[in-house]
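Here is what each chain is made of, one letter per residue.
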Amino acid sequence: MTDFNQSPRLQLLPAIDVADGKAVRLTQGKAGTETSFGSPVDAAEDWVRQGAEWLHLVDLDAAFGRGDNRAVIKRVIKAVKGRVQVELSGGIRDEASLEAALATGVKRINLGTAALENPEWTAAVIAEYGDQIAVGLDVRGTTLAARGWTQDGGDLWHVLDRLEAAGCSRYVVTDVTKDGTLRGPNLELLKQVAERTEKPVVASGGVSSLDDIAALRELVPHGVEGAIVGKALYAGAFTLVAALDVAGA
């Protein structure tokens, strides 16, 4: 057996979900289940201080189509510029919102609903921006969820095949039923997606313990590049420092 400490490292992305100007966490992605954790800038500073190399920043109000937090998100990005890479998600569905997101200077944009509802535009964006674009696949069973997880977005495998044909460079895979529940990640789903693509997969949803991070790290040779960690960090289940250690950072 390979020495665990010699196995490839798992990239960790602490999540900052922003709603009404505050850092919040949802349960199973449902609007109305927000628990507030204060200032998004303070949260970002805290994760950077603890050694984060990436932040996963989400504008929940934009994702749910109930406004946006662009001003706050700009402040977060400005506060951590040059110290950490940022992946931005939430409500990026057309040229204007994409250009506004890219103009903030983030390293990567996550497309969600647009990738399901507007395949032609998504393919064009992937062709133009390449590695700057990841696609979020938010899944219940093998059915995708769209519009802030409120609508059915089609069959996972059908959409994945289409995105592969378009040349998508990275997938962020979330089991919606586990997100914010601290019930552990869906390792089987992640393995299945990683088997269907040679592109890196980022895991999201359900991480509750350091054991979960160790289990995800074991999937790195199969194509799982990283993991987004949210509620467990905010709830104090473990520290980011400890998580980064287990992930091999």
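All figures in this text were calculated on a predicted structure; none of them were measured in a lab.

1. Considerations on the UniProt feature "active site" (unreviewed entry) in the protein
Thinking step 1. In this structure's numbering, the residues bearing the UniProt feature "active site" (unreviewed entry) are Asp17 and Asp138.
Thinking step 2. If you trace the backbone, Asp17 turns up in strand β1 (residues 11–19).
Thinking step 3. Secondary-structure assignment places Asp138 in strand β7 (residues 133–140).
Thinking step 4. Side chain to side chain, Asp138 and Thr174 meet in a polar contact 3.4 Å long.

2. Regarding the environment of Cys168
Thinking step 1. Relative to the helices and strands, Cys168 resides in the loop between α7 (156–166) and β10 (171–175).
Thinking step 2. Between the alpha carbons of Cys168 and Val135 there is a distance of 7.4 Å; along the sequence they are 33 residues apart.
Thinking step 3. The residues contacting Cys168, other than those within four sequence positions of it, are Ile126, Val135, Leu163 and Lys199.

3. Focus: the nonpolar core
Thinking step 1. Ile16, Ile109 and Leu137 are the most contacted members of the largest nonpolar core, which totals 71 residues.
Thinking step 2. In this view, Ile109 contacts Leu88, Ile92, Leu98, Ala101, Leu102, Gln132, Ile133 and Ala134; residues no more than four positions away in its chain are not counted.
Thinking step 3. Judged by nonpolar contacts, the second largest core, of seven residues, contains Leu13, Ala15, Trp54 and Val202.

4. A look at the packing of helix α9 (residues 210–217) against helix α11 (residues 240–247)
Thinking step 1. Running from N to C, α9 and α11 point in directions that differ by 30°, and their axes come no closer than 9 Å. Our classification of the angle between α9 and α11 gives roughly parallel. When the axes of α9 and α11 are compared, the crossing they make is right-handed. Between α9, through Leu210, Ile213, Ala214 and Arg217, and α11, the contact on the second element is made entirely by Ala242, Ala243, Asp245, Val246 and Ala247.
Thinking step 2. Residue classes in the contact of α9 with α11 are distributed as seven nonpolar, no polar and two charged.

5. Let's talk about the pattern of salt bridges
For side chains of opposite charge, pairing can occur when their charged atoms come near one another.
Thinking step 1. The tally for this structure, following the rule as stated, stands at nine salt bridges.
Thinking step 2. Of the charged contacts in the structure, one is a salt bridge between Arg170 and Glu225, with a shortest N-O distance of 2.8 Å. Residue Arg170 is found in the loop between α7 and β10, and its partner Glu225 is found in strand β12 (residues 224–229); the two are separated by 55 residues along the sequence.
Thinking step 3. Relative accessible area serves as the criterion here: at 8%, Arg170 is assigned to the buried category.
Thinking step 4. For Glu225, a relative accessible area of 22% translates into the label partly exposed.

6. Notes on the packing of aromatic side chains
Thinking step 1. Scanning the entire structure with this criterion turns up one aromatic pair.
Thinking step 2. On the basis of an interplanar angle of 80° and a centroid distance of 5.4 Å, the ring pair of Trp47 and Tyr234 is categorised as edge-to-face. Here Trp47, found in helix α1 (residues 40–49), pairs with Tyr234, found in helix α10 (residues 231–234); they are 187 residues apart in sequence, far enough to count as distant. In terms of burial, Trp47 and Tyr234 fall into one category: buried.
Thinking step 3. Note that Arg108 overlies the ring of Trp54, its terminal NZ or CZ placed 4.3 Å from the centroid.

7. A word on the environment of Leu116
Thinking step 1. Along the chain, the position of Leu116 falls in helix α5 (residues 113–117).
Thinking step 2. Through-space distance from the C-alpha of Leu116 to that of Leu144 is 8.4 Å; in sequence the pair is 28 residues apart.

8. Quick look at the pairing of strand β5 (residues 85–89)
Thinking step 1. Of all the five residues making up β5, four are buried; the element is thus mostly covered by neighbouring parts of the structure.
Thinking step 2. As defined by bridge partners, strand β4 (residues 54–59) adjoins β5 across five bridges and the pair is classed as parallel. Of the residues in β5, the one forming a bridge with His56 is Glu87.
Thinking step 3. Both β5 and strand β6 (residues 108–111) contribute to a ladder of three bridges, which runs parallel. Opposite Glu87, over in β6, you have Arg108 as the bridge partner.
Thinking step 4. A crossover links β5 with its parallel partner β6, the connecting element being helix α4 (residues 95–103), and its sense is right-handed.

Calculation criteria
- Residues numbered from 1 in each chain as written.
- Predicted model: local features only at pLDDT ≥ 70, side-chain atom pairs only at ≥ 80, totals over all residues.
- Heavy atoms only, no water.
- UniProt positions renumbered as here; feature names shortened; annotations may be inferred.
- Helix = DSSP H or I, 4+ residues; strand = E, 2+ residues; numbered from the N terminus.
- Polar contact = N/O pair within 3.5 Å; in protein donor to acceptor, adjacent residues only side chain to side chain.
- Contact = heavy atoms within 4.5 Å.
- Core = buried A, V, L, I, M, F, W, Y, C linked by side-chain atoms within 4.5 Å.
- Buried < 20%, exposed > 50% of the residue type's maximum accessible area, 1.4 Å probe, protein only.
- Axes fitted to C-alpha atoms, helices over the stretch in contact; angles between N-to-C directions.
- Parallel < 35°, antiparallel > 145°, perpendicular 65-115°, else oblique.
- Left-handed = near helix turned anticlockwise from the far one by under 90°.
- Nonpolar A, V, L, I, M, F, W, Y, C, P; charged D, E, K, R; others polar.
- Salt bridge = Lys/Arg side-chain N within 4 Å of Asp/Glu carboxyl O.
- Phe/Tyr/Trp six-rings, centres within 6.5 Å; stacked < 30°, edge-to-face > 60°.
- Lys NZ or Arg CZ within 6 Å of the ring centre and 35° of its normal.
- Pairing = 2+ DSSP bridges.
- Right-handed = clockwise from strand over helix to strand, strands pointing away.

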